[in-house]
Amino acid sequence: MKINVRMAKEADTAKIAAIEKAVFSPEEALSEETFRWCFASFPEGFAVAEPAAAAAESADIAAAIVCRPTAMRLVTDEIYERKEMSKGDTFAIMTFIVAPHLQRQGLGDKMLEASLALFREKGAKNFSLACKEHLKAFYGRHGFREAGLSRLTLGGAVWHDMYLTL
Ligand SMILES: CC(C)(COP(=O)(O)OP(=O)(O)OC[C@H]1O[C@@H](n2cnc3c(N)ncnc32)[C@H](O)[C@@H]1OP(=O)(O)O)[C@@H](O)C(=O)NCCC(=O)NCCS
């Protein structure tokens, strides 16, 4: 499927939250309220993909990436708190989601590449993320380096730090 990747609008936050809820457990999923707060605070960290053929206003979102511009090198619990913090040129990826029925069709690869380019235009020089073991190779193929076990406690899972310098 061909997709258009663009910066998100406020109205997209509800659609992003719906996909988030569908792909993550309740313990791990970020709420719509959190997405709204984040969008108000750092809209430059929101990218979405829509099917290239879709009509502009009614388009469903196929994928989304939400990052928080931060001065911190790695992802920690603070990144997920609804609390102002200093911005910096490391964009911490808070979530990366592809709609369940569209997964494993190559969209994630396209979405990640296109979003990193968009975020670069918004000032990103580095990217950090915390992922589970099974996705380390995926991010590794996109240039992310492993940075050890993460201090992130989100959902009680074991997370691995990954880091990319542009
Ligand atoms: C992770 C995710 C964003 C990847 O998007 P996608 O469109 O499914 O990925 P692609 O189809 O582009 O996959 C490319 C490759 O990445 C790897 N990959 C993707 N999902 C994987 C998974 N769940 N387990 C292991 N490898 C995976 C595979 O090597 C895959 O190639 P293959 O399908 O030929 O084996 C998507 O599966 C998703 O939303 N997962 C649930 C939420 C999540 O875990 N997000 C990541 C947070 S760090």
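Our structure is the block above this text.
All values derive from a computational prediction rather than experimental measurement.

**Student:** Looking at this model, I keep getting lost on the sheet that holds strand 2 (residues 46-51). Mind explaining?
**Tutor:** Adjacent strands of a sheet form backbone hydrogen bonds with each other and so pair up, either parallel or antiparallel. What the 7 strands build is an open sheet, ordered 1-2-3-4-5-7-6; its pairing is mixed. The open sheet has two edge strands with one neighbour each: strand 1 (3-7) and strand 6 (145-149). Taken pair by pair, the neighbouring strands of this sheet meet at an average axis angle of 25°, ignoring direction. Direction of pairing for strand 4 (residues 90-98) relative to strand 5 (residues 126-131): parallel, over a ladder of 3 bridges.

**Student:** I keep staring at the nonpolar core and nothing clicks. Help me out?
**Tutor:** Most often, soluble globular proteins keep nonpolar side chains buried together rather than apart. Counting 42 residues, the largest nonpolar core has Ala63, Ala64, Val66 and Ile93 as the members making the most contacts within it. It is strand 4 that contributes the most residues to this core, 7 residues altogether. In contact with isoleucine 93, not counting residues within four places along its chain, are Ile65, Cys67, Phe127, Ser128 and Leu129.

**Student:** What is the right way to read the site of the ligand from this model?
**Tutor:** The ligand sits among 16 residues. The nearest are Gln103, Gly108, Asp109, Cys131 and Phe138. Of all elements in the fold, only strand 4, helix 3 (107-121) and strand 5 reach the threshold of two or more residues within the shell around the ligand. When grouped by side-chain class, the residues that make up the shell around the ligand number 9 nonpolar, 5 polar and 2 charged.

**Student:** Just checking my understanding: could you explain the environment of glutamate 81 for this structure?
**Tutor:** When you line up the elements, glutamate 81 lands in the loop between strand 3 (63-70) and strand 4. Overall, glutamate 81 belongs to the exposed group, with 11 C-beta atoms counted inside 10 Å. The spatial distance from the C-alpha of glutamate 81 to the C-alpha of leucine 107 is 29 Å, given a sequence separation of 26 residues.

**Student:** Can you walk me through helix 3 in this structure?
**Tutor:** Every α-helical turn comprises 3.6 residues, leaving residues that sit three or four positions apart pointing alike. Along its 15 residues, helix 3 runs 21 Å from first to last C-alpha, staying within 8% of the 21 Å computed at 1.5 Å per residue. For helix 3, every residue scored as buried is listed here: Gly108, Met111, Leu112, Ser115, Leu116 and Phe119. Projected onto a plane normal to the axis of helix 3, the buried residues spread over an arc of 125° and lie on a single side. Opposite the packed face of helix 3, turned more than 90 degrees from it, sit the exposed residues Asp109, Glu113 and Glu121. Close packing links the buried residues of helix 3 with strand 1, strand 2, strand 3, strand 4 and strand 5. At the exit of helix 3 stands glycine 123, carrying a positive phi of roughly 110°.

Thresholds, definitions, all that
Residues numbered from 1 in each chain as written. Predicted model: local features only at pLDDT ≥ 70, side-chain atom pairs only at ≥ 80, totals over all residues. Pairing = 2+ DSSP bridges. Helix = DSSP H or I, 4+ residues; strand = E, 2+ residues; numbered from the N terminus. Axes fitted to C-alpha atoms, helices over the stretch in contact; angles between N-to-C directions. Core = buried A, V, L, I, M, F, W, Y, C linked by C-beta atoms within 7 Å. Buried ≥ 20, exposed ≤ 12 C-beta atoms within 10 Å, placed from the backbone. Contact = placed C-beta atoms within 7 Å. Near = placed C-beta within 6 Å. Nonpolar A, V, L, I, M, F, W, Y, C, P; charged D, E, K, R; others polar. Expected span 1.5 Å × (residues − 1). Arc of directions from axis to C-beta.

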